Amino acid sequence: MITETILEKATDKLQFEGFLKLPIEKGLDLVHEINRIKKEKNAVILAHYYQRPEIQDIADFVGDSLGLSQQAAQTKADLIVFAGVHFMGETAKILSPQKKVVLPDLKAGCSLSESAPPDLFKRFLDKHPHHIVVTYINCTAEIKAMSDIICTSANAEKIINSIPKTQPIIFAPDKNLGNYLIHKTGRDMVLWEGACIVHEAFAIDKLLELHKQHPHAKIIAHPESETHLLKVAHYIGSTTGMINFVKNDPCSEFIIATEAGILHQMAKEVPTKSLIPAPSHEDNTCACSECAFMRLNTLEKLYLCLKYELPEINVPEEIQKKALIPIQRMLEISKK
Ligand code: 13P
Ligand code: SF4
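Owing to the predicted nature of the structure, the values given are computational and were not obtained by experimental measurement. (Residues numbered from 1 in each chain as written. Chains lettered and ligands numbered in written order. Predicted model: local features only at pLDDT ≥ 70, side-chain atom pairs only at ≥ 80, totals over all residues. Heavy atoms only, no water.)

Participant: Talk me through the site of ligand 2; I want residue IDs and the actual numbers.
Facilitator: Around ligand 2, a shell composed of Y50, V85, C110, S111, L112, N138, C196, V198, E224, C291, F293 and M294 is seen. A majority-of-atoms criterion places ligand 2 in the largest cavity. Each residue belonging to the shell around ligand 2 can be placed in one class, and the counts come to nine nonpolar, two polar and one charged. (Near = heavy atom within 4 Å. 1 Å grid on protein atoms, 1.4 Å probe; cavity = no way out; pocket = protein on both sides within 12 Å on 5 of 7 lines; lining within 4 Å. Sits in = over half its atoms within 2 Å of the grid points. Nonpolar A, V, L, I, M, F, W, Y, C, P; charged D, E, K, R; others polar.)

In structure tokens:
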């Protein structure tokens, strides 16, 4: 039984730890309890494909950033438990400000999001007046509030193509996705120099070596990967796009260049196909293709977060209102 004092201490600690640190009864069936509390509270669990397998398995919806924001915008639940990273929880809160949004671990950040501090970004925008600002969803609410249109990897090309050809564009914060879009759309965009640490960790020489050993395998990559890697990929797309490609393509062997969490869902969809994770760096022992931020969420933290409705994501009202406009623009363009 958790007393009020213990709970108070645990919520005080939350500030430093980023998650609620409370004892969990030994032998408790977490899956059963999560499902029970979820029903009782009319809560929904939204999970990204990069989450741990046990979290994906208990979620009501598993998807890419676009799918998750669409779900957050339309859910009838009172409580959104976001099993993903901080910017995803913020996006859900911006889209559904009247709902309570909780994240199992507040320290689940993102290198892309952190690469764009609001003050520097503001100065960058001031240096490029008359540019339309297209921002990848992997950024903070403050950056979204300074943007004209948000995009995800699933709709970025469509969004760029929806902008009149004579209109100069700033694209932020992912330079790799930006360069890929310049190549795909032929638009000359001003790029912010951010990158994803996970996708930049793939080693091209080792990937080519691996492909020599599996010459019939198709290489599929996320557009957050570097240009030299994208050049050798047979398919480039969002996490949902990659899963659909593997499902629909007749090939039976694939080399997957994205965060390793996706393999769980992919293997469920195509149990008879061979899925080979793309190699990272020189050191074979490192788990570079796992996003350390995404992995901060565990089933235990998810349980505590659902039970105590903490840690909660809040976005100041002024920022929420400003950030909602470019997100809604993205959702509108994506419908067309
Ligand atoms: P998508 O799932 O939208 O492709 O994004 C990948 C990603 O890196 C999320 O952080
Ligand atoms: Fe951010 Fe990369 Fe992790 Fe996605 S995989 S949350 S882009 S650091």
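This is not the end of the story, as more comes after the structure.
Participant: Provide a residue-level description of the pairing of strand β1 (residues 43–48), including the pertinent values.
Facilitator: Of all the six residues making up β1, six are buried; the element is thus mostly covered by neighbouring parts of the structure. Burial along β1 is two-sided: the residues A43, I45 and A47 and V44, L46 and H48 are all buried. Judged from the five bridges that link them, β1 and strand β3 (residues 79–83) form a sheet pairing that is parallel. Across the sheet, the residue bridging to A43 is L79, located in β3. Taken together, the three bridges between β1 and strand β2 (residues 61–63) define a ladder with parallel strand orientation. Paired with A47 across the two strands is V62, which belongs to β2. Each parallel crossover has a hand, and for β1 linked through helix α3 (residues 53–58) to β2 it is right-handed. (Buried < 20%, exposed > 50% of the residue type's maximum accessible area, 1.4 Å probe, protein only. Helix = DSSP H or I, 4+ residues; strand = E, 2+ residues; numbered from the N terminus. Pairing = 2+ DSSP bridges. Right-handed = clockwise from strand over helix to strand, strands pointing away.)

Participant: An account of the packing of aromatic side chains is needed here, citing residue identities and associated values.
Facilitator: Under the criterion given, the structure shown has five aromatic pairs. Considering the side-chain rings of F124 and W192, the 5.0 Å spacing of their centres and the 80° angle between planes classify their relative orientation as edge-to-face. Remark: W192 occurs in the loop between β8 (189–191) and α11 (204–213) and F124 occurs in helix α7 (residues 118–127); sequence separation between them is 68 residues. On the basis of relative accessibility, which here comes to 15%, the residue F124 falls in the buried class. We classify W192 as buried; its relative accessible area is 11%. With a centroid separation of 4.5 Å and an interplanar angle of 10°, the aromatic rings of Y235 and F245 are classed as stacked. (Phe/Tyr/Trp six-rings, centres within 6.5 Å; stacked < 30°, edge-to-face > 60°.)

Participant: Explain the sheet that holds β3 residue by residue, including any values.
Facilitator: With respect to topology, four strands assemble into an open sheet ordered β2-β1-β3-β4, the strand pairing being parallel. Since the sheet does not close on itself, it has two edges, and those belong to β2 and β4 (100–102), each with one partner. Each strand axis lies, on average, 20° off the axis of its neighbour in the sheet, ignoring direction. Pairing analysis gives three bridges linking β3 to β4, with the strands arranged parallel. Looking at the pairing, L79 lines up with K100 of β4. (Axes fitted to C-alpha atoms, helices over the stretch in contact; angles between N-to-C directions.)

Participant: An account of the site of ligand 1 is needed here, citing residue identities and associated values.
Facilitator: The environment of ligand 1 is made up of 13 residues, and the closest members are H48, S65, S153, H222 and T239. At 2.9 Å, a side-chain N or O of S65 approaches an oxygen atom of ligand 1. At 2.8 Å from an oxygen atom of ligand 1 is found a side-chain nitrogen or oxygen belonging to S153. Coverage of ligand 1 by the protein chains reaches 96% of its 300 Å² of free accessible surface. When each cavity is represented as a set of grid points, ligand 1 is found to reside in the largest cavity. (Polar contact = N/O pair within 3.5 Å; in protein donor to acceptor, adjacent residues only side chain to side chain. Areas by Shrake-Rupley, 256 points an atom, 1.4 Å probe, with all protein chains shown as cover.)

Participant: Please set out the nonpolar core residue by residue, giving values where relevant.
Facilitator: Where a protein is soluble and globular, its nonpolar side chains tend to be buried together. Counting 105 residues, the largest nonpolar core has F82, F171, I256, M266 and M330 as the members making the most contacts within it. It is helix α15 (residues 299–308) that contributes the most residues to this core, seven residues altogether. Residues within four places of M330 in sequence aside, it is in contact with L66, S69, I137, I149, I150, C151, T152, N155 and I159. Grouped together as the second largest cluster of nonpolar side chains are 10 residues, A116, F121, C139 and I170 included. (Core = buried A, V, L, I, M, F, W, Y, C linked by side-chain atoms within 4.5 Å. Contact = heavy atoms within 4.5 Å.)

Participant: Before we move on, could you go through empty space enclosed by the protein and cite the residues and values that matter?
Facilitator: Scanning all chains against the criterion turns up two cavities of 30 Å³ or more. Quantified by volume, the largest cavity comes out at close to 250 Å³. For the largest cavity, the lining is made up of 28 residues, of which H48, Y50, N138, E224 and M294 are closest to its centre. Those elements giving two or more residues to the lining of the largest cavity turn out to be α4 (65–74), α5 (86–95) and α6 (111–114). Across the lining of the largest cavity, the residue classes tally to 14 nonpolar, 11 polar and three charged. By volume, the second largest cavity is sized at about 60 Å³. Forming the boundary of the second largest cavity are S65, L68, S69, A72, F82, F87, M88, T91, A92 and I137. (Points joined across faces, edges and corners; volume = space filled by probe spheres on them.)

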